[in-house]
Amino acid sequence: MTQNKTLIEAIRIVVVVLIALAIGFVITALVSKEPVAAYTALLTGPLPKISFENGFAITNINRFGNWMEESTTLILLGLAVAIVFKARQFSLGAEGQMLLGALATAVIALKLALPFPWHMILALAAAMAIGFLWGLLPGLLKAYLAVDEIVSTLMFNVIALQLFDLLLFNWLRDPTAGFVGTVPFPDSAVLPLAISGTRVSWMIFIMLAAVVIVWFLMERTPFGFELKMLGANRKFAEYGGINTKRVIALSMAVSGILAGLAGAHLSMGLLKRLTINLSPGLGFEGIVVALLARNDPRWVLVAGLFYGYLRTGAQIMERSSDVTREVVLIIQAIIILLITAEQLFPRFQQWWGARRNNEAAMERG
Amino acid sequence: MSAFVEMKQISKVYPNGVVANKHVDFAVEKGEIHALVGENGAGKSTLMKILYGLEQPTHGEIWLRGQRVEIANPHRAIDLGIGMVHQNFMLVPSFTIAENIVLGSEPRKGRFLDRAQAIAITETLSKSYGLQVDPAARIESTPVGMRQRVEILKTLYRGADLLILDEPTAVLTPQETDELFLAVRKLVDQGKTVIFITHKLVEVKEISDRVTVMRHGEVTGRVATADVSEADIARMMVGRAVFLQIDKPPVRRGRVVAEVRNLGYVAETGRPMVRNVSFDVYAGEILGVAGVEGNGQTELVEVMTGLRPATTGEIRIDGKPVQGQSARRIRLSGVAHIPEDRLTNGVALDASIAENLAVDRYNRPPFTRQGILSPRAIQTQAVALMQQFDIRAAGSAAPMRSLSGGNMQKVIVAREFSAEPALLIAAQPTRGVDIGATEFVHTQLVAKRNEGKAVLLVSADLAEVMSLADRIAVMYKGEIVGILENGPHLTEEEIGLYMLGLKRDEGARGEGRGARGEGRRELSRPSRKFQPSRKIMQRRSQHR
Ligand SMILES: Nc1ncnc2c1ncn2[C@@H]1O[C@H](COP(=O)(O)OP(=O)(O)O)[C@@H](O)[C@H]1O
Ligand SMILES: [Mg+2]
């Protein structure tokens, strides 16, 4: 029975993606002189090209790398959001936690001299710790003072951004650089490469481990059970004896750990330094991933890869065709919109089921 | 003679696919009181909504006074002399009773409502049908019983010959029910016809001339009331024999399990909801708590189970003080709780049955070992409990949402009973569940008592308390106004007097009569002045 459901769900997603892509193509056709080429860039851009003309060769490995880098960050953020959403806490704090995570890595990387791998490990730990703290605070406010978490986390994002700018400008910045940013991190605090020719680092393994750990946390620990019950019905959880205040605070804090790691990925893996405007709004993309994945860590992996692919393809389409960035973003948004429109397909099923039921009832009559 | 109303071969399929009525034939003679009975969801309200024009039948015909009629909407129904009082009242709270009665066809003076005329109309109606109301009172400040009379008068004002009353007694005290029955008889004496929906069998026997029984959307019986027993009707409702009377061996009271002393709870609004309540619950007995809803029972239970903090007083379970402790600690001290509002805190609709069955125990073996949770153990327990408690569902992984009310309640009962508590607190344990599940819950409660557990049964259904409890504590305005030994000598009317605040025992504040000689010396308290009943009833509605 459940298997049947998963199958229906899979079919649903495939159908919706196809519909969304078709709509995307119609829009592309409206604005582009070469819609097919442009759309091909979107759809196949992130794949490495394999050619057999002069013997076997793989080119464009960097595009594949872009896809993996993008997805790694997105998956970490998606996991962060999935944890809080599972507990039905609408924390929007990933953005701030990510910024502070990156900031913490810069402080450790630039202000401490340590050998590899301790330097790297300490920087990662600092990013996770600050993320934890930056989630815990609004979590405690929500749990004990009933401060709405949407408001508080957005405010914490503002504080995080200002802290980030403040420390970067006044303390960490490299005054000789032509832009606002730090000097490159020492190698001891940089994540080693996993695929040469790209910027895909060890973070991809950390990310995979995180998927497993978060899944384990949700499905195989009492805390995960508490998270689920809190999300399903807070009063019920309380009635059952669960200390919901503790769970609320902890869910937001644990979520922060993953967002902090995403920040560490940006600084220690991709840029290898800290710059201003690190990646505005990225923190919110985690929400898209978590929604697509219905807060299931395993699906966060899939959804993160899908969304990363889409975003990378969109960048490539933007670079290699006459379709402007705005249109690309619109197409991307429509695809996500359709997929997250949970009711689209169920409505149809309902309508269909009711019709058959009616007929059957009338036939018996 | 052809029937006054005849519904022929009525079928109704709701847009969501639910078949609420299947080929229903239903006939009412002029001047009779016709009971329409069936379990929740049997399709009674649907059938009556069709007669009142609120729903359109998918199939079938309606004949009235020997003529085929189409009832497209309630307006048409009213024109035809059909009136309906709904399960949920539909009055304007901020209007006066007189205004509500004439609403829709108001007497006017110029362009404005003629208030004096409206009040005069109301008084005349009220007198001629013996339905006493206060025309100038606002609906929001009147008690439920009076609101119901207003609804009835309203339909009469619009010229109804046929009155449909949808579960009118569900919200009434025994006294109010008696008054309603008197009024209904008077209506019939004056030539009206009444369709009376209920699922209480006692009422069917008491009030009706004939009865139509429905089950799963179909008519399963149509008989003259005098020809059948309550058990016969129950069998038609449920489809099998039902044991209405529970066999209870005499009480064998053991040790004191729960001691409640001078317990008080003041709500956030500053209103005292539980006032200086003291009682004991003994092993091997069921202590019933009766009372009109909203007199502090909910708060008492929530304080005792750790869901709300007590403001004053003491609670001891097996001698250990537990007030102020968390819900989990109190559960661990041996208290289980069937909550009164199962959808609010008794279940998580989106979680699975298995998860619902583990919410109080997931963190200890066999469900969690060395910090690792075993979904398999949770599932294994669920399969066992579902079998033991006869929970009908697609499987232990099915979401709670997919269960019927009765089966949901069985899940709760299964969880709380399997916790092996010393004290079981059951609040409204059969509300909204069908006869089959009610019978089940009752048998289980008595079984726990016979096993030597202490049971605290809080119920607004007086018949339930009287058939199960060994002693009955009555709550009124947050206080326990009497603790009565249950037995053949105790009548509903007697308890009703306590429920309405018309009678109170001076000894009731402490552990009282009947609780073997060891009852502590209770503080007695000066008696209150006797108050006229109308005022009390109004206060009561404000108290909610
Ligand atoms: N408006 C509605 N839409 C869909 N289903 C309904 C609606 N009203 C009632 N039902 C369903 O129809 C069935 C009969 O309901 P109802 O007539 O209210 O029963 P009763 O009054 O006997 O308890 C139930 O299964 C109920 O869930
Ligand atoms: Mg009904």
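The structure presented is a predicted model; accordingly, all values stated were derived computationally and were not measured.

The rules we used
- Residues numbered from 1 in each chain as written.
- Chains lettered and ligands numbered in written order.
- Predicted model: local features only at pLDDT ≥ 70, side-chain atom pairs only at ≥ 80, totals over all residues.
- Heavy atoms only, no water.
- Helix = DSSP H or I, 4+ residues; strand = E, 2+ residues; numbered from the N terminus.
- Rg over C-alpha atoms; globule rule 2.2 N^0.38 Å.
- Buried < 20%, exposed > 50% of the residue type's maximum accessible area, 1.4 Å probe, protein only.
- Pairing = 2+ DSSP bridges.
- Contact = heavy atoms within 4.5 Å.
- Buried area = accessible area lost by both parts, 1.4 Å probe.
- Salt bridge = Lys/Arg side-chain N within 4 Å of Asp/Glu carboxyl O.
- Core = buried A, V, L, I, M, F, W, Y, C linked by side-chain atoms within 4.5 Å.
- Domains from an automatic or database assignment.
- Patch = residues over 30% accessible without salt bridge, like charges linked within 9 Å, V, L, I, M, F, W, Y side chains within 5 Å.
- Areas by Shrake-Rupley, 256 points an atom, 1.4 Å probe, with all protein chains shown as cover.
- Lys, Arg positive; Asp, Glu negative; His and termini not counted.
- Charge placed at Lys NZ, Arg CZ, Asp CG, Glu CD.
- Expected span 1.5 Å × (residues − 1).

1. Quick look at the overall build of chain A
Next up, step 1: Across its full length, chain A holds 14 helices and 2 strands.
Next up, step 2: In terms of C-alpha radius of gyration, chain A reaches 23 Å, essentially the compact-globule figure of 21 Å for 365 residues.
Next up, step 3: Structurally, chain A occupies a C-alpha span of about 85 × 65 × 35 Å along its principal axes.
Next up, step 4: Counting every position in chain A, which comprises 365 residues, the buried fraction comes to 49%.

2. A look at the pairing of strand S12 (residues 218-224) of chain B
All names here are of chain B.
Next up, step 1: Bridge count for strand S11 (residues 210-215) against S12 is 6 bridges, and the pairing is antiparallel. Along S12, the bridge assignment pairs Met214 with Val219.
Next up, step 2: The antiparallel pairing of S11 with S12 creates a hairpin that spans 2 residues between the two strands, and His216 there sits at a positive phi of about 45°.

3. Section: the interface of chain A and chain B
Next up, step 1: The partner chain B presents 41 residues to the 27 residues of chain A that form the contact.
Next up, step 2: Here chain A meets chain B over a buried area of about 2500 Å², counting both sides, of which 66% is carbon and sulfur.
Next up, step 3: Inspection of the chain A/chain B interface yields 2 salt bridges.
Next up, step 4: With a closest N to O distance of 3.0 Å, A:Lys228 and B:Glu355 form a salt bridge.

4. Quick word on the nonpolar core
Next up, step 1: Counting 159 residues, the largest nonpolar core has A:Leu274, B:Leu445, B:Ile472 and B:Ile495 as the members making the most contacts within it.
Next up, step 2: Of the domains in this structure, domain 2 (245-334 + 421-544) and domain 3 (343-420) of chain B are the two that each give at least three residues to this core.
Next up, step 3: By size, the runner-up hydrophobic cluster in this structure holds 34 residues, among which are B:Ala258, B:Leu263, B:Val277 and B:Val335.

5. Quick notes on the pattern of salt bridges
Residues and elements named next belong to chain B.
Next up, step 1: Considering all chains together, one arrives at 44 salt bridges over all chains under this definition.
Next up, step 2: Here Arg275 and Glu479 are joined by a salt bridge, their closest N and O atoms 3.7 Å apart. Taken together, the residues span a long stretch of sequence, with Arg275 in strand S14 (residues 272-282) and Glu479 in strand S24 (residues 479-485) at a distance of 204 residues.
Next up, step 3: When its relative accessible area of 2% is taken as the criterion, Glu479 is described as buried.
Next up, step 4: The residue Glu416 makes a salt bridge to Arg331 at a minimum N-O spacing of 3.0 Å. A residue pair is termed long-range when its members are at least 10 positions apart, and Glu416 in helix H14 (residues 405-418) and Arg331 in helix H10 (residues 327-332) qualify at 85 residues. The residues Glu416 and Arg331 share a single accessibility class, namely buried.
Next up, step 5: Several salt bridges share partner residues, and in doing so they unite Arg331, Asp360, Arg361, Arg415 and Glu416 into one network.

6. Points about a negative patch on the surface
Next up, step 1: A contiguous patch of negative charge on the surface is contributed by B:Asp178, B:Glu206, B:Asp461, B:Glu492 and B:Glu493.
Next up, step 2: The topology assignment puts B:Asp461 in the loop between strand S22 (454-458) and helix H16 (462-468).

7. Focus on H14(B)
Residues and elements named next belong to chain B.
Next up, step 1: Here H14 is 14 residues long and its end C-alpha atoms lie 20 Å apart, about the 20 Å a rise of 1.5 Å per residue gives.
Next up, step 2: Buried within H14 are the following residues: Gly406, Asn407, Met408, Gln409, Lys410, Val411, Ile412, Val413, Ala414, Arg415, Glu416 and Phe417.
Next up, step 3: Glu420, located one to two residues past H14, shows a positive phi value of around 50°.

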